[in-house]
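Chain by chain, the residues run as shown.
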Amino acid sequence: MIFNPAEENEYQAVCGLLVHRFEQWAREKGIDADPFVVEAALDYRHLGTPDGRLGLWDRPRIEEFLLDWVPRTVTVLPDEEPADAPGTLRCLLRYLDDVYLADPRGASLPEVLEAVDAAAPRYAEAMADRSLWGLAKFWITTAAEQGVDVHDEQALQDFVGRARGGEVPYDPEVLQTIVERHTRSSGPVRSEPQLPVALPGDDVLREQAGRSPVLRQLRELAEWAGSDRRTLTGSGRLRLSDARDLVERLNTRDDTDSVRSSADLPRLDLLVEWAKTARLIRVAKGRLYAVAEAEPVLNDPLALWRRAFDAFRELPSPVRRGRGGRYGESVLFVEYALCDVVLPDVLATLYSLPYPMPWPGLRDSVHLAHRSSSPLEVFATDSIGFEQADDDLRTVLGVLEDLGAIECHQGMADPVFAGLATSENGLEGWAGIPTEGDDDLETPSGILPGTPTGLAGLLNDALPDETLSGDALSRDAQLDDEDTQRVRKLTSELSSGPVELIRLTDLGTDSVRRRLLAEGRDAPLIGELAQASPAGLLGVLADHYDPESARAELAAWIAVHGDRSAALEQLVHAVRTMPFRTRAEAMLDVLVSSLDDGELLLRSLRSDSWLAPTALSLLARREILTPEDLTEPESLLMVAESLLQLCEATGADGVREVLRQQGREAEEALRAALASGHPDREGLADLQALAERVPRERKAHVGLVQQRGHRENGRRGGRRRR
């Protein structure tokens, strides 16, 4: 289950449905749970994490929810008892598993319950620690503690006025801590979804790693340092004689003529710093020696490759310039840190791309990313600065190629890149720059949705002013003027002839994926669902997989589960037992789309006593069946299925609005649905409750309109509205 932050209405409807169904489930089991905590947990996964997967939980996310999100966002007024968030979270995790909504790529049910038990003893202390609170919680609690009715907008406005006038006592040190934490981080940004990737096993990756020139150099450098230790100069560098010996031994291709220091040998200098960062060698008391604990890593090419890749991102700079070993000074490093920003963006851009990335597109995406975050005067002379930046980026790519993380070759760019170059915000999307349509991807960490107007003003007063300056507006205008020329040049480069094409290798893809997962992002791997439950498999395929990858993943799952017909029966049964109509249809849709004989399976389910409504809905959506092809009972099932899915997608309020707007016709459809014999009795009960409420609500609505007419028109009655 996942929703784009822009799909707020859809998320709210599903959130309300889940909370409602959870309450029913808890009552049936005699469990006392707090639905507000359930809503907070869903909000945390939707708004407070990079991946937004509502059904995926593990130890880090459980700890963050209980020990950070709840203390920061959930306000407990002085006369209230704190909610039992750990207890309710345990129930929610059991519920998600019980209704087949738990993501199989998360921890198992026993593991997540154990994680809750481990975090629970620290929960009360975290809730009481005011320095962990958010700004909204701080001020609302402060107001309530001073006798303000925080549910009274006017009373809260008066409190805000007194606070701005310095008349409200509060703890300034705690507030300063909260403000500093808020300004350090604007909260998580929803990551772009990644396409599933296919990777060979570790044995193949290990064999590929063994061919890396950089790994050979790092291993030989560690062997050279050895246990006898190599004496360094007073400044902590290699002696020149040792450096010359290493240049030849490691074949670094550094020019040793007329050098006066090992710092004048940039590639050797890089390898030494790299080996230090990877904890293969270290310096002690003026000597360089190998780290004994690194010997098992040095003997395992794959382990060594992964450590070298991670260490590369931690280097101060992989680019050295000129004599003296000074770091490069291009804008790529000075104004837009390469290893902290550019390199992760470049690697994430290359990850899971279906086509190799052309160098001109990658180059321009980095330029745009830098210009979007730099002051006007930096890029006013970018003809020089960016040329050096391009050289630096090529140097970095060259090192990654020697490591074996990327491959480069000449060829024609796929036409899709020329199309992206001319589309609005195309390259910005490649570079990870928030575009005009992505304004709501960032989640505020202090000012929460629904904060009272007056209080929101007070919170804004506590934060630094970030209004646009005249220079920023001028920069935007200049960027707009340059766009046409840039696009023309880039389009010409991409279409006029062969260009350098860049793609991640298997090793590079594997390590970038590991990094994405460590950051809490979603990075599907074809084959990782082979042991998933049938419902877990189909749910993930429906939410995260493109058609080609879904077909491969499903084939791998069926192969693991032996007999094909038995495996398909398990998958169909998973759809049959899914209690949510829209999800059941999505699961069946991805199943039949991923099978060569999927349409035949779908047609066979038309007579299934439970799955007939779902199958009929899909057959109609795919235009395999027309309304004329349906029998009368099937038509009634279709009406019921449509209303049940509408209820799930828009919530009860959405259905009531449709019924109010369409009047008699909608009421007839509702009556037909209730008489259809649809197998979802729980859903029909909800529709029945709606059917009973709507006439009363319409009567009350008409009465309210009549009263308004009396007041506004100065006469009895007034225009009646339907």
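Here the structure is a predicted model, which means the values were calculated and not measured.

Reading the values: rules and limits
Residues numbered from 1 in each chain as written. Predicted model: local features only at pLDDT ≥ 70, side-chain atom pairs only at ≥ 80, totals over all residues. Heavy atoms only, no water. Axes fitted to C-alpha atoms, helices over the stretch in contact; angles between N-to-C directions. Helix = DSSP H or I, 4+ residues; strand = E, 2+ residues; numbered from the N terminus. Left-handed = near helix turned anticlockwise from the far one by under 90°. Contact = heavy atoms within 4.5 Å. Nonpolar A, V, L, I, M, F, W, Y, C, P; charged D, E, K, R; others polar. Expected span 1.5 Å × (residues − 1). Buried < 20%, exposed > 50% of the residue type's maximum accessible area, 1.4 Å probe, protein only. Pairing = 2+ DSSP bridges. Salt bridge = Lys/Arg side-chain N within 4 Å of Asp/Glu carboxyl O. Polar contact = N/O pair within 3.5 Å; in protein donor to acceptor, adjacent residues only side chain to side chain. Phe/Tyr/Trp six-rings, centres within 6.5 Å; stacked < 30°, edge-to-face > 60°.

S.K.: Kindly report on the packing of helix α26 (residues 547-560) against helix α27 (residues 564-576), identifying the contributing residues and their values.
M.R.: Following both chains from N to C, one finds α26 and α27 inclined at 115 degrees, their axes separated by 9 Å at the closest point. Remark: the crossing between α26 and α27 carries right-handed chirality. Across the interface between the two elements, Leu 554, Trp 557 and Ile 558 of α26 pack against Arg 564, Ala 567, Leu 568, Gln 570 and Leu 571 of α27. Its residues placed into classes, the contact of α26 with α27 shows six nonpolar, one polar and one charged.

S.K.: Talk me through helix α28 (residues 581-593); I want residue IDs and the actual numbers.
M.R.: Spacing of three or four residues puts side chains on the same side of an α-helix, whose turn is 3.6 residues. The terminal C-alpha atoms of α28 lie 18 Å apart, and with 13 residues this matches the ideal 18 Å at 1.5 Å per residue to within 8%. Looking at α28, one finds that the buried residues are Arg 581, Arg 583, Ala 584, Glu 585, Met 587, Leu 588, Val 590, Leu 591 and Val 592. Against α25 (534-544), α26, α27, α29 (598-604), α30 (612-621) and α31 (632-662) lie the buried residues of α28.

S.K.: How would you sum up the environment of Leu 611? Please name residues and give values.
M.R.: With respect to the helices and strands, Leu 611 occurs in the loop between α29 and α30. Accessibility expressed as a relative area gives 1% for Leu 611, which makes it buried. Between the C-alpha atoms of Leu 611 and Ala 584, which are 27 residues apart in sequence, the distance is 9.1 Å. The residues touching Leu 611, leaving out its near neighbours within four places in the chain, are Val 572, Val 575, Arg 576 and Leu 605.

S.K.: Give me the lowdown on the pairing of strand β8 (residues 499-504), citing residues and values where you can.
M.R.: Across the six residues of β8, five count as buried, placing the element largely inside the fold. As judged from the two bridges shared by strand β6 (residues 357-358) and β8, these two strands associate in the antiparallel manner. Paired with Met 357 across the bridge in β8 is Ile 502. Where strand β7 (residues 406-411) lies against β8, six bridges are found, and the strand directions are antiparallel. Opposite Glu 407, over in β8, you have Arg 503 as the bridge partner.

S.K.: I'd like to hear about the pairing of strand β2 (residues 281-284), residue by residue, with values.
M.R.: With four bridges connecting them, β2 and strand β3 (residues 287-290) associate as antiparallel partners. The partner of Arg 282 across the bridge, within β3, is Tyr 289. Joining the antiparallel neighbours β2 and β3 is a turn of two residues, in which Lys 285 adopts a positive phi near 55 degrees.

S.K.: An account of the pattern of salt bridges is needed here, citing residue identities and associated values.
M.R.: In this structure the tally under the stated criterion is 40 salt bridges. A salt bridge links Asp 68 to Arg 72, with the shortest nitrogen-to-oxygen separation between them at 3.2 Å. Of the two residues, Asp 68 and Arg 72 both sit in helix α3 (residues 59-73), four residues apart, roughly one turn of that helix. The partly exposed category is assigned to Asp 68, whose relative accessible area is 24%. In this structure, Asp 117 engages Arg 90 in a salt bridge whose closest nitrogen and oxygen atoms are separated by 2.7 Å. In this pair, Asp 117 is assigned in helix α5 (residues 109-128) and Arg 90 in helix α4 (residues 85-98), connecting sequence segments 27 residues apart.

S.K.: Can you tell me about helix α2 (residues 35-47), naming the residues and giving the values?
M.R.: With 13 residues, α2 ought to run about 18 Å at 1.5 Å a step, and its terminal C-alpha atoms sit 18 Å apart, in line with that. Val 37, Val 38, Ala 40, Ala 41, Leu 42, Asp 43, Tyr 44, Arg 45 and His 46 are the residues of α2 that are buried. If you follow the buried residues of α2, they end up packed against α1 (8-28), α3 and α4. Capping the start of α2 is the job of one residue whose side-chain oxygen sits 2.9 Å from the backbone nitrogen of Phe 36: Asp 34.

S.K.: Tell me about the packing of aromatic side chains, residues and numbers included.
M.R.: Tallied over the entire structure, the rule returns 14 aromatic pairs. Ring geometry for Trp 25 and Tyr 95: centres 5.5 Å apart, planes at 65 degrees, overall edge-to-face. Placement of Trp 25 in helix α1 and of Tyr 95 in helix α4 is noted, with a sequence separation of 70 residues between them. By the burial criterion, Trp 25 is buried, and Tyr 95 matches it. Put simply, the rings of Tyr 44, Trp 57, Phe 65 and Trp 69 pair up and form one aromatic cluster.

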